[in-house]
Amino acid sequence: MRSSGWGWRHAARLAWATRGLDLRIEPGERVLLLGASGAGKSTLLRALAGVLGADEGEQEGSLTVDGEAPAAARGRAGLVLQDPDSQVILARVGDDVAFGCENLGVPREQIWPRVSEALEAVGLDVALDRSTSALSGGQRQRLALAGVLAMRPGLLLLDEPTANLDPAGVVEVRDAVARVLETTGATLVVVEHRVATWLPIVDRVVVLAPEGVVADGSPDAVLGRRGAELAAQGIWVPGHPPARPARLPQPGEPLLEARELVVGREKVPVNGGIDVTARASQLLAVTGPNGVGKSTLGLTLAGLLPPVGGELRATDVLAAGAGPSPHRWRSRELLTRIGTVFQDPEHQFLARTVREELEIGPHALKAPRPELVDELLERLRLTRLAKANPFTLSGGEQRRLSVATALATRPRLLVLDEPTFGQDAVTWAELVALVAELLAEGTGIVAATHDAEFVDALAGARLELS
Amino acid sequence: MNPVAKLAAAAVLAVCLVLTIDPVSAGVALVLELALFPLLGIPWTTFWRRTLPVWIAAPLTALTIALYGRTSGTVYVEFLFVRISDGSLDFALATLLRVLAIALPAVVLFATIDPTDLADGLAQLLRLPPRFVLGALAGVRLMGLAMDDWRSVALARRARGVADRGVIRRFFGQAFTLLVLSLRRASTLATAMEARGFGAPGPRTWARESRWGTREWLLVLVGAAVGGIALVAAVLTGNWRPLIG
């Protein structure tokens, strides 16, 4: 792969996503591509995969894969994206892997051997007619990888392939990639914030900025020389951990008590026999493997799902006259009592601008508090974005906004579902600092999370589901 | 059984039954169908569950026609716009039987269709453009994700304090959020499909062959036979009432 003076500007944007890019990657190299968000990493990967259409923006300079324009060399480069949900294309495992081969016009008798080979390479040992929706996140990402491999690409492009996975899924996918590179000798370009995941298998690190390549070399050299700078840009560099709070406050009075609680959705139990107490000034960390019911428990404690069995009781301190069962409270009564931050911030956005989004809670309480909204905008560094549409924000900005919306009505208890999923190190440190402040102010917090560092930094009580 | 054959059989039958509006042809077709359904091997509980909407919709349609249909013969009841007569009752019966005779086999045949097999058949046998067929197929899969999104959005709105408002306002608000989320997913999916060479120039191959054999011809033939016998019965008993002309 070779680029000289390459640049790309998305349609309807004034600024170039990336410009003046001179980069050369030889066959068989394994490159980790780093850079602050907005440095054009994803744009470069999509361009290499040949999926940036001429109608989607404007190009300058030249970019070639195997000496050809990427769009003409379809199938030479295979791309795996971040979201495991949106890149499963067909309903059955075998068909999904075969999809790429079909598009490239591979004869039928060659397709099925390729499919089995690709599934074996990524270690996905399931029946070909297995439903793709029955797979876990890590399995789905390996499926996407297999779909790409079946096309026999010379260049493997991975865009944050493990950002949305639990720790077990991360290792699953990373090891599958390592095995594939071992057997095929393909070239790898991977974009990822969590450097440590990929360090064992890459041999070159390239740091990208909007003005082009700013660092390039062996992992040790680049991370050694620029580690601190990269960490400040939000990249997780080993040896440069994000800041943590010095100490946590003493736990306060109980807010919510669960006894023999059974949680589930639509009356189908997911987990049961849960005894736990959420207290003021304490973070209760709910951990456990995927599918064990962490989110379901979080949503039940938040008064959004009714308990399937057992008892869940809000103490008088939390209920403040609204009755002991949170799921029977009116939507408006929840606001000042329990705030919830969903895993996907986009699920909870309702307004056209960031400011309006923050005003919804206070407005529903018929207690507009413009000064509180201003304070939250300032505190979560959203003032500059007050007029922006919530859906157009970056991942980190959306996360900060979704937390701010819950804080706008000052709930006594805050329930967070995977608050640090897919976040860069800067946003992570901000969230940790904010949570520590809330705890000091007396807010109780329940967090369903996979993030061991987050739990380490903040948890005063832990509940491990199994 | 190839899904295209099921589609064709149901279509042939439907075309026959809309040529005439009379109780005899629809009744004959319905009796033949009910005799044939057990051969498809669908458990009765499944049959009733799948076809329940038809059993509810058909009488409602008939009732409407009985009350408001074209008047002829003796008039039994008259109240405002309602006028029940010999003509409207006769027409209502014909419609009831016709809706059942067309919708029941359609539901029963379609219920067992796998979308992926149907897409294979449509593209390979009927030569519909692959872009269109596969795009639609991928869309069907997104529907499942949309259902999950819908539930999450509903919970999120309760958490945001806006779920006490009226049902209708809530529905439209939620629908809008869902639309935005779906567009977002669809564009990621489109990128993933393109990255796997979807829309690449040159011919596309198909990993699985969509077969058409004797069984498929037989099913279409059965559909045509049921329709044909029904029409002949109507003509022989003097009940042939063409819809057009």
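Residues numbered from 1 in each chain as written. Chains lettered and ligands numbered in written order. Predicted model: local features only at pLDDT ≥ 70, side-chain atom pairs only at ≥ 80, totals over all residues.

K.L.:
It is not clear to me how the overall build of chain B should be interpreted in this structure. Could you clarify?
P.N.:
Scanning chain B from N- to C-terminus turns up 8 helices and 2 strands. For chain B, the sequential pattern of α-helices and β-strands runs α-α-α-β-β-α-α-α-α-α. Scaling as 2.2 N^0.38, a compact globule of 245 residues should have a C-alpha radius of gyration of about 18 Å, whereas chain B reaches 24 Å, well beyond that. Along the three orthogonal principal directions, the C-alpha set of chain B runs to about 65 × 55 × 40 Å. Out of the 245 residues belonging to chain B, those deemed buried represent 34%. For chain B, contacts bridging at least 24 residues in sequence account for 75% of all contacts bridging at least 6. (Helix = DSSP H or I, 4+ residues; strand = E, 2+ residues; numbered from the N terminus. Rg over C-alpha atoms; globule rule 2.2 N^0.38 Å. Buried ≥ 20, exposed ≤ 12 C-beta atoms within 10 Å, placed from the backbone. Contact = placed C-beta atoms within 7 Å.)

K.L.:
Help me understand the overall build of chain A in this model?
P.N.:
The number of helices and strands found in chain A is 15 helices and 17 strands. Over its C-alpha trace chain A gives a radius of gyration of 24 Å, about what one expects of a compact globule, namely 23 Å for 466 residues. By principal-axis analysis of the C-alpha atoms, chain A measures approximately 70 × 50 × 40 Å. Considering chain A as a whole, with its 466 residues, one finds that 51% of them fall into the buried category. Taking the intrachain contacts of chain A between residues at least 6 apart in sequence as the baseline, contacts between residues at least 24 apart amount to 73%.

K.L.:
Looking at this structure, how should I read the confidence of the model for chain A?
P.N.:
If pLDDT is low for a region, its predicted coordinates should not be looked at in detail. Summing up the model confidence of chain A, the mean pLDDT is 88 and the portion of residues at 70 or higher is 99%. Looking over chain A, one finds the lowest element-wise mean pLDDT in strand β1 (residues 2-10) of chain A, namely 78, and the highest in strand β16 (residues 444-448) of chain A, namely 96. (pLDDT = per-residue confidence, 0-100.)

K.L.:
In this structure, what is going on with the interface of chain B and chain A? I would like to understand it.
P.N.:
When the parts come together, some accessible area is lost, and that loss is often what is quoted as the size of the interface. The partner chain A presents 51 residues to the 39 residues of chain B that form the contact. Looking at side-chain class alone, the side of chain B that touches chain A contains 20 nonpolar, 10 polar and 9 charged residues. (Nonpolar A, V, L, I, M, F, W, Y, C, P; charged D, E, K, R; others polar.)

K.L.:
Help me out: how do you make sense of the domain arrangement of chain B in this one?
P.N.:
Under the domain assignment, chain B is made up of domain 1 (3-116 + 210-236) and domain 2 (136-195). Centre-to-centre separation of domain 1 of chain B and domain 2 of chain B, based on C-alpha positions: 36 Å. (Domains from an automatic or database assignment.)

K.L.:
How should the sheet that holds strand β17 (residues 461-464) of chain A be read in this particular structure?
P.N.:
Within a sheet, adjacent strands bond to each other through the backbone by hydrogen bonds, running parallel or antiparallel. All names here are of chain A. Taken in spatial order, the 5 strands make up an open sheet running β14-β15-β16-β12-β17, and their pairing is parallel. Strands at the two margins of the open sheet, each flanked by one partner only, are β14 (338-341) and β17. Strand after strand, the sheet turns through a mean of 15° between neighbouring axes, direction not considered. Of the strands in this sheet, β12 (283-287), β15 (413-417) and β16 touch helix α8 (residues 294-301), which is tilted by about 155° from β16. Sheet strands in contact with helix α13 (residues 395-407) are β14 and β15, and its direction is about 170° off that of β14. (Pairing = 2+ DSSP bridges. Axes fitted to C-alpha atoms, helices over the stretch in contact; angles between N-to-C directions.)

K.L.:
Where do I start with the domain arrangement of chain A in this structure?
P.N.:
Residue and element names in this part refer to chain A. When the domains of chain A are assigned, the result is domain 1 (2-232) and domain 2 (254-464). One C-alpha centre belongs to domain 1, the other to domain 2, and the line joining them spans 34 Å. Counting from both sides, the interface comprises 10 residues of domain 1 and, opposite them, 8 residues of domain 2. Residues that form the side of domain 1 that touches domain 2 fall into these classes: 4 nonpolar, 5 polar and 1 charged.

K.L.:
Can you help me understand the sheet that holds strand β8 (residues 204-209) of chain A in this one?
P.N.:
Residue and element names in this part refer to chain A. With mixed pairing, 6 strands are arranged side by side in an open sheet as β5-β6-β7-β3-β8-β9. Edge strands, defined here as strands with exactly one partner in the open sheet, are β5 (77-80) and β9 (212-217). For this sheet the average axis-to-axis angle between neighbouring strands, irrespective of direction, equals 20°. As defined by bridge partners, strand β3 (residues 30-34) adjoins strand β7 (residues 187-191) across 4 bridges and the pair is classed as parallel.

K.L.:
Looking at this model, I keep getting lost on the confidence of the model for chain B. Mind explaining?
P.N.:
All names here are of chain B. Across chain B, the average pLDDT comes to 88, with 99% of residues at 70 or higher. Within chain B, helix α8 (residues 214-236) carries the highest mean pLDDT (94), whereas strand β1 (residues 75-79) carries the lowest (84). Interface predicted TM-score (ipTM) for the complex: 0.82; the corresponding pTM is 0.79.

K.L.:
Looking at this structure, how should I read the nonpolar core?
P.N.:
Note on soluble globular proteins: their nonpolar side chains tend to be buried together. Counting residues in each nonpolar core, the largest one holds 187 residues, and the members touching the most others are L48(A), L79(A), V122(A), A146(A) and L157(A). In terms of residue count, helix α4 (residues 86-111) of chain B provides more of this core than any other element does, 12 residues in total. Residues in contact with L157(A), not counting those within four places in the same chain, are L45(A), L48(A), A49(A), A77(A), G78(A), L79(A) and V189(A). (Core = buried A, V, L, I, M, F, W, Y, C linked by C-beta atoms within 7 Å.)

K.L.:
I tried to follow the environment of L165(A) on my own but got confused; where do I start?
P.N.:
Counting through the fold element by element, L165(A) comes out in the loop between β6 (155-159) and α5 (167-184). Sequence separation of L165(A) and S136(A) is 29 residues, and the distance between their C-alpha atoms is 9.3 Å.

K.L.:
Looking at this structure, I do not really get α13(A). What am I missing?
P.N.:
For an α-helix, the turn length of 3.6 residues means that residues three or four places apart are oriented alike. Residues and elements named next belong to chain A. The end-to-end C-alpha distance of α13, which contains 13 residues, comes to 19 Å, matching closely the 18 Å that a straight helix rising 1.5 Å per residue would cover. Burial analysis of α13 places 10 of its 13 residues in the buried class, the great majority of the element. The inward-facing, buried residues of α13 contact β14, α11 (354-364), α12 (370-379), β15 and α14 (425-440). (Expected span 1.5 Å × (residues − 1).)

K.L.:
Help me understand helix α1 (residues 3-17) of chain B, please; the structure alone is not making it clear to me.
P.N.:
Residues and elements named next belong to chain B. Taking 1.5 Å per residue, 15 residues should reach 21 Å; α1 reaches 21 Å between its end C-alpha atoms and fits that length. The buried fraction of α1 is high, at 11 of 15 residues. All of the buried residues along α1 are P3, V4, A5, K6, A8, A9, A10, V12, L13, C16 and L17. Buried residues along α1 sit in contact with α2 (23-36), α4, α5 (115-124) and α8.

K.L.:
Would you explain unusual backbone geometry in this entry?
P.N.:
Excluding glycine, most residues fall at negative phi; most peptide bonds, likewise, are trans. Look at K267(A): it is not a glycine, yet its phi comes out positive at around 70°. Mapping K267(A) onto the fold places it in the loop between β10 (254-265) and β11 (268-279). We classify K267(A) as exposed; it has 8 C-beta atoms within 10 Å. Positive phi, close to 60°, is recorded for R127(B), a residue that is not glycine. Relative to the elements of secondary structure, R127(B) occurs in the loop between α5 and α6 (130-159).

K.L.:
What is the right way to read the environment of K41(A) from this model?
P.N.:
Residue and element names in this part refer to chain A. Among the secondary structure elements, K41 is positioned in helix α1 (residues 41-49). For K41, a count of 24 C-beta atoms within 10 Å translates into the label buried. Considering only alpha carbons, one finds K41 and A436, 395 residues apart in sequence, at a separation of 33 Å. For K41, the residues in contact, after removing those within four places along its chain, are L33, G35, V191 and L208.

K.L.:
Is there a simple way to explain the environment of T383(A) in this structure?
P.N.:
All names here are of chain A. Tracing the chain through its elements places T383 in the loop between α12 and α13. Taking the C-alpha atoms as reference, T383 lies 35 Å from R462; in sequence the two are 79 residues apart. When neighbours within four sequence positions are excluded, T383 is seen to be in contact with L377 and E378.

K.L.:
It is not clear to me how the packing of α2(B) against α8(B) should be interpreted in this structure. Could you clarify?
P.N.:
Helix-helix packing is described using two parameters, namely the angle between the two axes and the distance between the axes. All names here are of chain B. The interhelical angle for the contact between α2 and α8, taken along N-to-C directions, is 145°, at an axis separation of 7 Å. The way α2 lies across α8 gives a crossing that is right-handed. Residues V24, S25, V28, A29, L32, E33 and L36 of α2 form the contact with α8, whose participating residues are V222, V226, G227, I229, A230, L231, A233 and A234. A per-class count over the contact of α2 with α8 returns 12 nonpolar, 2 polar and 1 charged. (Left-handed = near helix turned anticlockwise from the far one by under 90°.)

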